[in-house]
Amino acid sequence: MNRDVQPADWVELDPWWDTATQSHHLLSQSDGTRVVELDRINDWWTDVDSWWYTSARRFGPTADAASSQVFPETHPPDVWAGLDDWWASYAETGTDAAVQLGEVLAQSNARWAASDAPFDTDPLATDVSDRPAQRGPYHPSNEVAWSRWLAQLLRPSGVLIAALFDIPVEGPPDEVDREVRLSNPDGGTRRADLLIRHGDYGISIEVKLDDENYGKTAETAALVEHHYPDRAWTHVLLLPEQKRDRLDTIVAPGVEQTPAGQYRIPWTDPGPVDVRYWRDVTATLRRLLRAGEIVDDHWAANAYLFCAVAEQQLLNFASEPDVKRYASPANVVEALRPHQLTDTLDRQLTYLQQ
């Protein structure tokens with residue numbers, strides 16, 4: 001049967017939309033609008049498509065002049081019965097990873113409480129996602145802002161530099177500079193995102209998020225050595241882990257793994273460039289915080305907040321409140337969400353267990 005749609009009919013959809021926006025990390029724009037990233041919604045309806053097509057064929061809907069499908073009013077009352085058993089099984093299967101992850105987070109909270117860290121809970125214990133209805137911490141919006149925050153953590157902590165880059169340094173670095181302008185002898189300039197100088201040693205870091213212009217990393221590293229030839233340099237490309245395959249296809253030669261298990265690009269000029277992921281930064285900060293290897297309370301608070309925001313914004317990990325909702329879903333949206341996040345929840349589980 002056909003039915004005219006009135007504007008007021010959409011009121012019934014509002015509760016679903018409110019739940020959906022709470023269950024998905026949406027990007028906030030300066031004008032107050034919310035943006036759902038396309039790659040996060042492509043599969044939202046895939047899981048019910050097969051049921052719909054089966055039901056449509058079984059109960060013989062007819063097509064009207066507008067090419068819509070119309071079910072007869074004599075539609076069998078048990079039309080949804082065939083979906084009930086499937087849904088119960090589907091929902092239960094989807095929550096398994098969330099339940100396991102919830103248990104791991106609870107254990108992690110206990111370990112943090114018993115550790116030497118000045119914090120009693122895991123950084124993921126609180127939802128710090130950038131949602132308009134919440135008052136949350138600072139959320140960097142681009143590579144420059146993330147680079148600035150990372151520099152704040154590196155500048156006073158030699159321990160962080162040593163642990164993150166596997167370099168035996170003692171004490172804080174002499175200098176940590178950002179956006180260093182490097183002139184090219186052939187014309188033009190490059191900017192080094194981060195330069196760390198410590199005695200006769202140096203580390204250059206190319207900071208990446210969405211930008212996939214990885215080839216310029218070698219050019220920038222060569223310019224760093226040209227402008228600062230008085231020290232030995234280690235060059236690092238810092239990027240999201242999900243960009244690993246893209247990196248391998250873009251750079252030549254491809255990424256290789258060292259005997260120590262680290263990844264690097266074996267360029268000959270200026271030399272190999274080490275590959276680090278944002279996950280490596282947060283994991284290192286977690287270890288230092290729990291071991292009590294902190295500069296002072298302010299540095300510890302900054303590092304803890306960096307972990308919380310980076311893990312939820314860059315690594316797309318679920319906060320503990322979200323995990324609890326996925327483990328005991330109250331509606332269809334929350335029941336479907338663990339299925340959509342299967343790979344992410346698995347990565348998060350491995351990350352926390354390691």
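Everything in this summary refers to the structure shown in the same document. Owing to the predicted nature of the structure, the values given are computational and were not obtained by experimental measurement.

The linkage connecting alanine 252 with the following residue, proline 253, adopts the cis geometry, with an omega of -5°. Relative to the assigned elements, proline 253 resides in the loop between helix 7 (244-250) and strand 9 (256-257). Cis geometry is adopted by the peptide bond preceding proline 270, which originates at aspartate 269 and carries an omega value of 15°. If you trace the backbone, proline 270 turns up in the loop between strand 10 (263-265) and strand 11 (273-277). Here the phi dihedral of glutamate 179 falls at roughly 50°; this positive angle occurs in a residue that is not glycine.

Below, the discussion takes up the pairing of strand 6 (residues 189-198). Counting buried residues along strand 6, seven of its ten residues qualify, which places the element largely inside the surrounding structure. In textbook terms, the turn of a hairpin is the stretch between consecutive antiparallel strands, and for strand 5 (residues 175-183) and strand 6 this stretch comprises five residues, one of which, glycine 187, has a positive phi near 110°. Across five bridges, the pairing between strand 6 and strand 7 (residues 201-207) is antiparallel. By the bridge assignment, leucine 194 is partnered in strand 7 with isoleucine 205. In this antiparallel pair of consecutive strands, strand 6 and strand 7, the connection spans two residues, and glycine 199 shows a positive phi of 60°.

On to the pattern of salt bridges, then. For the coordinates displayed, the defined rule picks out 15 salt bridges. Here glutamate 212 makes a salt bridge to lysine 243, at a shortest N to O gap of 2.9 Å. You can see glutamate 212 sitting in the loop between strand 7 and helix 6 (216-227) and its partner lysine 243 sitting in the loop between strand 8 (232-239) and helix 7, a full 31 residues away along the chain. Between glutamate 311 and arginine 286 there is a salt bridge, with its nearest N and O atoms 2.6 Å apart. Of this pair, glutamate 311 sits in helix 9 (residues 297-313) while arginine 286 sits in helix 8 (residues 278-290), and the two are 25 residues apart along the sequence. On the accessibility criterion, arginine 286 (8% relative accessible area) is buried. What emerges from the salt-bridge pattern is a single network uniting Asp122, Arg286 and Glu311.

For the rest of this paragraph, the subject is the sheet that holds strand 5. Read across the open sheet, the seven strands follow the order 5-6-7-8-11-10-9; overall the sheet is mixed. A single partner strand is all that each edge strand has here, and the edge strands are strand 5 and strand 9. Each of strand 5, strand 6, strand 7, strand 8 and strand 11 is contacted by helix 6, which is oriented at about 60° to strand 6, the strand it contacts most. The sheet strands contacting helix 8 are strand 7, strand 8 and strand 11, and the helix crosses strand 11 at an angle near 65°.

What counts as what
- Residues numbered from 1 in each chain as written.
- Predicted model: local features only at pLDDT ≥ 70, side-chain atom pairs only at ≥ 80, totals over all residues.
- Heavy atoms only, no water.
- Helix = DSSP H or I, 4+ residues; strand = E, 2+ residues; numbered from the N terminus.
- Buried < 20%, exposed > 50% of the residue type's maximum accessible area, 1.4 Å probe, protein only.
- Pairing = 2+ DSSP bridges.
- Salt bridge = Lys/Arg side-chain N within 4 Å of Asp/Glu carboxyl O.
- Contact = heavy atoms within 4.5 Å.
- Axes fitted to C-alpha atoms, helices over the stretch in contact; angles between N-to-C directions.

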